[in-house]
Amino acid sequence: MLRNNWTLTEIQDIYNTPLLELIYKAATIHRDYNDTAEVQVCTLLSIKTGGCPEDCAYCPQAARYHTGVEVQSLMQKDIVLEYAAKAKAAGSTRFCMGAAWREVRNNKDFDRVLEMVKGVNEMGMEVCCTLGMLDGEQAKKLADAGLYAYNHNLDTSSEYYSEIITTRTYDERLKTLDNVRKAGVTVCCGGIIGLGETHSDRIKMLHTLSTLPVHPESVPINALVRVKGTPLENNAKTDVWDMVRMIATARILMPATMVRLSAGRAEMSLAEQALCFMAGANSIFAGDKLLTTPNPSFDEDNLMFGLLGLKPREAFKQEKELVG
Ligand code: SAM
Ligand code: DTB
Ligand code: SF4
């Protein structure tokens with residue numbers, strides 16, 4: 001049964017379970033709810049890169065940090081559709097377009113994004129966007145264009161948020177998530193570990209996610225990619241055991257959700273990634289680039305899937321199952 005009334009103490013107890021026992025529990029729940037051989041393969045494309053006015057301390061695309069990311073205006077629709085076709089041919093079933101915007105504005109760029117959404121949807125892939133804050137009307141327009149999912153991360157706990165971002169509030173984040181939900185678009189919302197937060201901050205973030213009125217359909221768990229020029233460039237490398245603990249706890253709290261092993265895979269061994277799948281991760285970003293930072297190549301991931309006996313999940317599976 002899916003629960004939205006988890007208490008902080010319950011989550012704390014799960015999170016602090018001895019690691020191997022926690023993995024076992026998460027793996028058991030994963031089997032009850034999902035086909036454990038299946039992993040959703042999503043490809044990311046940065047359709048508008050760099051020059052962002054926000055001050056997210058982790059982000060290579062914030063204009064105020066000198067990270068060497070080249071600013072690029074919004075890509076042309078046809079080029080984006082070519083990338084989507086390549087991703088589809090390589091086995092991706094979800095295509096996620098990211099823009100380094102604080103929020104969506106009602107202008108020609110937004111109209112172009114709507115055209116991109118329409119085009120990718122017509123190719124039979126699940127279309128996702130991550131464009132910053134949205135109002136209700138914008139969410140509705142994206143839904144009408146065929147948007148399947150919207151990614152908007154909470155990143156950390158509400159308490160730690162202002163240490164990482166000062167140019168927007170946690171409540172603004174939650175408002176966008178509500179606008180997305182009301183427009184009938186599925187929600188992709190997760191966070192980052194390795195920002196300097198405490199275990200208690202991670203537990204609080206998982207509490208916020210798992211007590212939303214409806215669980216996000218996907219929850220990306222990112223390990224901080226430390227980028228030179230950002231305020232967090234000298235943070236310690238995220239401990240893989242923390243990643244496993246986070247994934248396992250998310251899996252137990254939100255059993256039917258796609259839990260995505262997101263940023264950070266380029267610095268993980270195959271064995272470490274295998275532990276994450278064991279602990280309940282069932283989605284990845286594929287392709288040799290995330291938005292601006294490196295990620296394992298399609299070939300490396302194909303080898304990994306072969307070795308671990310994993311297969312890509314087909315697109316729109318949930319809808320197909322509901323239809324019968
Ligand atoms: N600008 C939009 C926004 O902030 O919602 C969309 C793009 S933004 C790059 C999407 C997400 O990428 C962020 O919310 C954050 O969770 C993640 N991200 C950005 N930089 C990262 C990094 N260096 N390491 C890990 N995750 C990162
Ligand atoms: C998410 O949670 N992780 C992705 C996606 N959603 C948009 C982004 C990771 C970005 C890592 C840094 C970069 O490549 O710029
Ligand atoms: Fe801008 Fe998004 Fe990066 Fe924050 S995470 S600086 S909003 S692109």
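A brief structural summary. (Residues numbered from 1 in each chain as written. Chains lettered and ligands numbered in written order. Predicted model: local features only at pLDDT ≥ 70, side-chain atom pairs only at ≥ 80, totals over all residues. Heavy atoms only, no water.)

## Concerning the site of ligand 3
At step 1: Near ligand 3, the surroundings consist of Cys52, Glu54, Cys56, Tyr58, Cys59, Ala62, Ala100, Trp101 and Arg168.
At step 2: In terms of residue class, the shell around ligand 3 is made up of seven nonpolar, no polar and two charged. (Near = heavy atom within 4 Å. Nonpolar A, V, L, I, M, F, W, Y, C, P; charged D, E, K, R; others polar.)

## A word on the layout of surface pockets
At step 1: Here the largest pocket defines a volume of roughly 540 Å³.
At step 2: Contributing to the lining of the largest pocket are 27 residues, with Ala256, Thr257, Met258, Arg313 and Gln318 lying nearest its centre.
At step 3: The set of elements that each furnish at least two residues to the lining of the largest pocket consists of β1 (38-48) and α12 (317-323).
At step 4: When residues in the lining of the largest pocket are grouped by element, the largest group, five residues, is from α12.
At step 5: Taken together, the residues that form the lining of the largest pocket break down as nine nonpolar, nine polar and nine charged.
At step 6: The wall of the second largest pocket is formed by 22 residues, among which Leu44, Leu45, Tyr83, Asp288 and Lys289 lie closest to the centre.
At step 7: When residues of the lining of the second largest pocket are traced back to their parent elements, those giving at least two are β1 and α3 (77-89).
At step 8: In terms of residue count, β1 provides more of the lining of the second largest pocket than any other element does, four residues in total.
At step 9: Counted by class, the lining of the second largest pocket contains twelve nonpolar, six polar and four charged residues. (1 Å grid on protein atoms, 1.4 Å probe; cavity = no way out; pocket = protein on both sides within 12 Å on 5 of 7 lines; lining within 4 Å. Points joined across faces, edges and corners; volume = space filled by probe spheres on them. Helix = DSSP H or I, 4+ residues; strand = E, 2+ residues; numbered from the N terminus.)

## Some remarks on the packing of helix α1 (residues 8-15) against helix α9 (residues 240-253)
At step 1: Between α1 and α9, the least distance of the axes is 9 Å, while the angle of their chain directions is 135 degrees. By the angle between their directions, the pair α1 and α9 is classed as oblique. For the pair α1 and α9, the sense of crossing is right-handed. Residues Ile11, Ile14 and Tyr15 of α1 form the contact with α9, whose participating residues are Arg245, Met246, Thr249, Ile252 and Leu253.
At step 2: Class assignment of the residues belonging to the contact of α1 with α9 gives a composition of six nonpolar, one polar and one charged. (Axes fitted to C-alpha atoms, helices over the stretch in contact; angles between N-to-C directions. Parallel < 35°, antiparallel > 145°, perpendicular 65-115°, else oblique. Left-handed = near helix turned anticlockwise from the far one by under 90°. Contact = heavy atoms within 4.5 Å.)

## Looking at the packing of α9 against helix α10 (residues 270-278)
For any two helices packed against each other, the geometry comes down to the angle between their axes and how far apart the axes lie.
At step 1: Packing of α9 against α10 leaves a shortest axis separation of 8 Å and a crossing angle of 20 degrees. Taken together, α9 and α10 sit at an angle that is classed as roughly parallel. Once α9 is placed against α10, the crossing between them reads as right-handed. Residues Val240, Trp241, Met243, Val244 and Ile247 of α9 pack against Glu272, Leu275 and Cys276 of α10.
At step 2: Residues that form the contact of α9 with α10 fall into these classes: seven nonpolar, no polar and one charged.

## Some remarks on the environment of Ala266
At step 1: Within the secondary structure, Ala266 sits in the loop between β8 (258-261) and α10.
At step 2: In the structure, Ala266 is positioned 205 residues away from Gln61 in sequence and 19 Å away in space, judged by C-alpha atoms.
At step 3: With residues near it in sequence (within four places) discarded, Ala266 still touches Pro294, Asn295 and Pro296.

## Topic: the site of ligand 2
At step 1: The environment of ligand 2 is formed by Leu44, Pro60, Thr130, Asn151, Asn153, Pro220, Asn222, Phe285, Leu290, Leu291, Thr292 and Thr293.
At step 2: Within the side chain of Thr293, a nitrogen or oxygen atom sits 2.8 Å from an oxygen atom of ligand 2.
At step 3: Relative to its free-state accessible area of 410 Å², ligand 2 is covered by the protein chains to the extent of 89%.
At step 4: Here ligand 2 occupies the largest cavity.
At step 5: A per-class count over the shell around ligand 2 returns six nonpolar, six polar and no charged. (Polar contact = N/O pair within 3.5 Å; in protein donor to acceptor, adjacent residues only side chain to side chain. Areas by Shrake-Rupley, 256 points an atom, 1.4 Å probe, with all protein chains shown as cover. Sits in = over half its atoms within 2 Å of the grid points.)

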